[in-house]
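A look at the structure
So you can see what is in the structure, the chains are spelled out below.
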Amino acid sequence: MRYQRPKGTADILPGDSEKWQYVEKTAREVFKTYQFKEIRTPMFENFEVFSRSAGDTSDIVTKEMYDFHDKGDRHVTLRPEGTAGVVRAFVENKLYGPQVLKPYKVYYMGPMFRYERPQSGRLREFHQLGVEAFGSESAALDVEVIAMGFNLLKKFGLNDLKLVINTLGDQQTRDDYRQALIDYLEPHFEELSDDSRARLHKNPLRVLDSKAPEDQKFVADAPSILDYLTPEAKAHFEEAKELLTALDIPFEIDANMVRGLDYYNHTIFEIMTNSKSLGQGYTTICAGGRYNGLVKELGGPETSGVGFGLGVERLLVLMDAESIEFPVDNDLDVYVVGIGDAANATTLKLAQAVRGAGLTAERDYLNRKPKAQFKSADRLNARYTMTVGDSEIENGVVNVKSMATGEETQVKMADIFADVKKVLRAN
RNA sequence: GCGGUAUUGGCGAAGUGGUUAACGCACCGGAUUGUGGCUCCGGCACGCGUGGGUUCGAUUCCCACAUACCGCCCCA
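Source: prediction; values computed, not measured.

**Things to note about the domain arrangement of chain A**
Domain parsing of chain A yields domain 1 (17-170 + 230-321) and domain 2 (332-425). On a C-alpha basis, the centroid separation for the pair domain 1 and domain 2 is 50 Å.

**Some remarks on the pattern of salt bridges**
Pairing between side chains becomes possible if they bear opposite charge and their charged atoms approach one another. Overall, the coordinates contain 22 salt bridges when judged by the stated rule. One salt bridge in this structure joins Glu 238 and Lys 241, with 3.2 Å as the shortest N-O distance. Taken together, the residues Glu 238 and Lys 241, both in helix α9 (residues 231-246) and three residues apart, mark about one turn of the helix. The partner of Lys 296 in a salt bridge is Glu 302, and the shortest N-O contact between them spans 3.8 Å. Lys 296 gets classed as partly exposed once you look at its relative accessible area, which sits at 49%. One continuous salt-bridge network, built from bridges that share partners, spans Arg 28, Glu 38 and Arg 40.

**Overview of the pairing of strand β3 (residues 66-69)**
Two elements, β3 and strand β4 (residues 75-78), share four bridges in a ladder whose sense is antiparallel. Counterpart to Asp 67 in the pairing with β4 is Thr 77. Hairpin geometry of β3 and β4 is characterised by an intervening segment of five residues between the two adjacent antiparallel strands and by a positive phi of about 60 degrees at Asp 73.

**Details of the side chain of Gln 128**
Locating Gln 128 in the fold gives a position in strand β6 (residues 125-134). Using a relative accessible area of 12% as the deciding quantity, one classes Gln 128 as buried. Excluding anything up to four places from it in sequence, Gln 128 contacts Glu 81, Gly 82, Tyr 108, Met 109, Gly 110, Met 112, Arg 114, Leu 310, Gly 311 and Val 312.

**A closer look at the confidence of the model for chain A**
Caution applies to low-pLDDT parts of the model: their predicted coordinates are not meant to be read in detail. For chain A, the average pLDDT comes to 91, and 98% of its residues sit at 70 or higher. The secondary-structure element of chain A with the lowest mean pLDDT is helix α3 (residues 59-64), recorded at 77, while strand β1 (residues 37-38) shows the highest, at 98.

**With respect to the protein's contact with RNA strand B**
Contacts to RNA strand B come from 40 residues, most closely from Arg 117, Arg 199, Arg 206, Lys 369 and Met 403. If you look at RNA strand B and keep only atoms within 4 Å of the protein, 53% of those are sugar or phosphate atoms. Side-chain polar atom of Arg 368 to a phosphate oxygen of RNA strand B: 3.0 Å apart, as the coordinates give it. In this structure, Asp 378 approaches RNA strand B through a side-chain N or O atom, which is 2.9 Å from a base nitrogen. Those elements giving two or more residues to the surface near RNA strand B turn out to be α3, α7 (194-202), α13 (370-379), α14 (390-395) and β15 (397-402). Among the elements that make up the surface near RNA strand B, the one with the highest residue count is α13 (six residues). Across the surface near RNA strand B, the residue classes tally to 10 nonpolar, eight polar and 22 charged.

Thresholds, definitions, all that
- Residues numbered from 1 in each chain as written.
- Chains lettered and ligands numbered in written order.
- Predicted model: local features only at pLDDT ≥ 70, side-chain atom pairs only at ≥ 80, totals over all residues.
- Heavy atoms only, no water.
- Domains from an automatic or database assignment.
- Salt bridge = Lys/Arg side-chain N within 4 Å of Asp/Glu carboxyl O.
- Helix = DSSP H or I, 4+ residues; strand = E, 2+ residues; numbered from the N terminus.
- Buried < 20%, exposed > 50% of the residue type's maximum accessible area, 1.4 Å probe, protein only.
- Pairing = 2+ DSSP bridges.
- Contact = heavy atoms within 4.5 Å.
- pLDDT = per-residue confidence, 0-100.
- Near = heavy atom within 4 Å.
- Polar contact = N/O pair within 3.5 Å; in protein donor to acceptor, adjacent residues only side chain to side chain.
- Nonpolar A, V, L, I, M, F, W, Y, C, P; charged D, E, K, R; others polar.

Okay, here's the thing in structure tokens:
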């Protein structure tokens, strides 16, 4: 094997590509019903677009970005996620302007890149579907986005789903809670894990997310952010919960759910599944939330946004594990069997006539014998075969066979050229 | 970036330090001189991920590298 694909990339071959098309098509249909429109942004952006949005500390920027300097010495990054590019486009195209209807609702789907160690469902080039809605603070929009993600997954046939929500409140809430958390954890500083010690002052919320056993016991009794919500933040969260209830969407609250990035606030959510295919216990398949700081961070006016992202590879792993059937049509209407060199042109013309009528047609290109051609026709699930050889050409006829019944009848070639569908209906 | 496991034909998969690397599927051909799904017969590994090393001799032992998978880190 001389060449192999780059580490962490995948070839999506026919057989799988149909599944991708189904997922993408379904997503487009669902998004359309919510009046989200597609946005397509570049696969790479200036490094700063992502380093700013991710808050250039963290491993994310230093370790996981696929960045490089191009021939013009521009520092660019293959997009690691969808939101930052969409926000950049929102700002650059001045979509915050008064003439643009709000909320501004878009979705995207496409490849993303992260320089990390590949595992099942986690590649260096992977794909996400995502949505963003800008310009409304309404909790109804939070809930609409959540409901859309939830319904999309249900549409895919997934049922063992759990919606978990939390709120990060507003800036005041975050400041207050951050301090409370530091005050609580500080006395136990020496007992915390290395990671958590490092994070305590940089991003104390992340300590809540720690999987280290030594941290767990402190996390269990840590103060809850829900006790630090300002009246406004509390009202927003209450409204979101009420609206979810009104839509009969069951949810759990996990006060320890956090986001690594600073720009998130108010409602955050994850849709989780218990499927073992993605790991032990509940794992997240779709995650999102509200973010207020990001538009401003990227140079726009203070504008709120809310959205979610969903990993397509993980979704497909999940759907396969749940034995979900993909509606794919691999049917072939007509296989044209040509016998002998003289039939070559006629075979082609017949195939073209079938295609011209909007049906699917295939033929042999390897000069194989009739038996082999019929075998192929069977393999391809052909509904009909049309057979032509020297005698048929001479008499201007074609043998049309229904593969299901095995019945074969002779029809005039001219009839096929005149109206293929009519001929097939009669057989 | 760290650790573990794996790598045999198009696919799945046995196997051994030593003259011919099982078997199954798929594919190709024949039995059926122009007709499928069944059956029978036959064919199908420039050789066991790549590169070194040990050895009289390695696909089988050792080392490095690559890739995949699992866990850690991370998960915007």
